[in-house]
Protein chains: 2
Amino acid sequence: MPRLTDSERSELLPTLDGWALVEGRDAITKRFVFGDFNAAFGWMTRVALVAEAMNHHPEWSNTYNRVEVTLATHDAKGLTRRDIELAQRMDQMAAGLVKG
Amino acid sequence: MPRLTDSERSELLPTLDGWALVEGRDAITKRFVFGDFNAAFGWMTRVALVAEAMNHHPEWSNTYNRVEVTLATHDAKGLTRRDIELAQRMDQMAAGLVKG
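Residues numbered from 1 in each chain as written. Chains lettered and ligands numbered in written order. Predicted model: local features only at pLDDT ≥ 70, side-chain atom pairs only at ≥ 80, totals over all residues. Heavy atoms only, no water.

- Within an unreviewed UniProt entry, the label attached to chain A reads Putative pterin-4-alpha-carbinolamine dehydratase, and the organism entered is Microvirga lotononidis.
- According to the UniProt record, the Catalytic activity (unreviewed entry) comment for chain A reads "(4aS,6R)-4a-hydroxy-L-erythro-5,6,7,8-tetrahydrobiopterin = (6R)-L-erythro-6,7-dihydrobiopterin + H2O".
- You can read under Sequence similarities (unreviewed entry) in the UniProt record for chain A the words "Belongs to the pterin-4-alpha-carbinolamine dehydratase family." (UniProt positions renumbered as here; feature names shortened; annotations may be inferred.)

In structure tokens:
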């Protein structure tokens, strides 16, 4: 899986909702805020099943209703299409669960 | 739930397996390393059910087979018996799953 080319970045990154590039690293990050721990961890569980099936896993941290996610492709040492796909799946699964 | 007294700390903290005090904060931390993501997230799911039932939630981050946990009691602004209890439950549930 090759790293995203410049033209792929220009095309794909603007389609993501609320994801930002990480300073000093070829990765993207987003903070999800849910109604409570139940919603946050329920979402994490759905994401975990998808991530395992993709064999592509997030770096993430959780405190009560908040989950901070960073995505990058370890083998490629940077962003690939799999990160874009996982980010999109995460957003789809968070719809209706996130606050505000 | 009051913060642990000095004598409770002397009694309880040495009973924990591999937990360390956090520098500059009244909290404890431990890094769990599992065989793979399946084991790590399976353990997190068991812990999440216990944490929700206790209404006492960890701060934790996960990258593939590793989970870093920090425990403190938000309302007490420091360590209480609930943190000791959750740490013990986490260790019990990790038995047989952690590497080495």
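Having seen it, we continue.
### Points about the interface of chain A and chain B
Argument step 1. The interface is formed by 15 residues belonging to chain A together with 15 residues belonging to chain B.
Argument step 2. For the pair chain A and chain B, the number of links is two residue pairs in polar contact (both at pLDDT 80 or more).
Argument step 3. Taken together, the elements giving at least two residues each to the side of chain A that touches chain B come down to helix H2 (37–54) and strand E3 (59–63) of chain A.
Argument step 4. Counting residues per element, the side of chain A that touches chain B draws most heavily on H2 of chain A, at seven residues.
Argument step 5. Looking at the side of chain A that touches chain B, its residues break down into seven nonpolar, six polar and two charged.
Argument step 6. Relative to strand E3 (residues 59–63) of chain B, E3 of chain A runs antiparallel, the two being bridged by five bridges. Residue pairing for E3 of chain B: Trp60 of chain A is matched across the bridge by Asn62 of chain B. (Contact = heavy atoms within 4.5 Å. Polar contact = N/O pair within 3.5 Å; in protein donor to acceptor, adjacent residues only side chain to side chain. Helix = DSSP H or I, 4+ residues; strand = E, 2+ residues; numbered from the N terminus. Nonpolar A, V, L, I, M, F, W, Y, C, P; charged D, E, K, R; others polar. Pairing = 2+ DSSP bridges.)

### A short note on the sheet that holds E3 of chain B
Argument step 1. If you trace the eight strands from one edge of the open sheet to the other, you get E1(A)-E2(A)-E4(A)-E3(A)-E3(B)-E4(B)-E2(B)-E1(B), paired in antiparallel fashion. Looking at strand neighbours, the two that pair on one side only are strand E1 (20–21) of chain A together with strand E1 (20–21) of chain B, the edges of this open sheet.
Argument step 2. As paired elements, strand E2 (residues 28–33) of chain A and strand E4 (residues 66–71) of chain A share six bridges and run antiparallel to each other. Within E4 of chain A, the residue paired with Val33 of chain A across the bridge is Arg66 of chain A.
Argument step 3. In this fold helix H2 (residues 37–54) of chain B packs onto E3 of chain A together with strand E2 (28–33), E3 and strand E4 (66–71) of chain B, with an angle of close to 160 degrees to the strand it touches most, E3 of chain B.
Argument step 4. Here helix H3 (residues 81–94) of chain B sits on the sheet and contacts E2, E3 and E4 of chain B; the angle it forms with E2 of chain B, its principal contact strand, is near 10 degrees. (Axes fitted to C-alpha atoms, helices over the stretch in contact; angles between N-to-C directions.)

### Digging into the pattern of salt bridges
Residues and elements named next belong to chain A.
Argument step 1. The tally for this structure, following the rule as stated, stands at twelve salt bridges over all chains.
Argument step 2. For Asp91, the salt bridge identified is with Lys30, shortest N-O distance 2.7 Å. One end of the pair, Asp91, is in helix H3 (residues 81–94); the other, Lys30, is in strand E2, with 61 residues separating them in the sequence.
Argument step 3. Relative accessible area serves as the criterion here: at 18%, Asp91 is assigned to the buried category. (Salt bridge = Lys/Arg side-chain N within 4 Å of Asp/Glu carboxyl O. Buried < 20%, exposed > 50% of the residue type's maximum accessible area, 1.4 Å probe, protein only.)

### Comments concerning H3 of chain A
Residue and element names in this part refer to chain A.
Argument step 1. Taking 1.5 Å per residue as the helical rise, H3 with its 14 residues ought to reach 20 Å, and the 20 Å between its terminal C-alpha atoms agrees with that figure.
Argument step 2. Buried residues along H3 sit in contact with helix H1 (6–12), E2, H2, E3 and E4.
Argument step 3. Phi for Gly96, located one or two positions after H3, is positive at around 90 degrees. (Expected span 1.5 Å × (residues − 1).)

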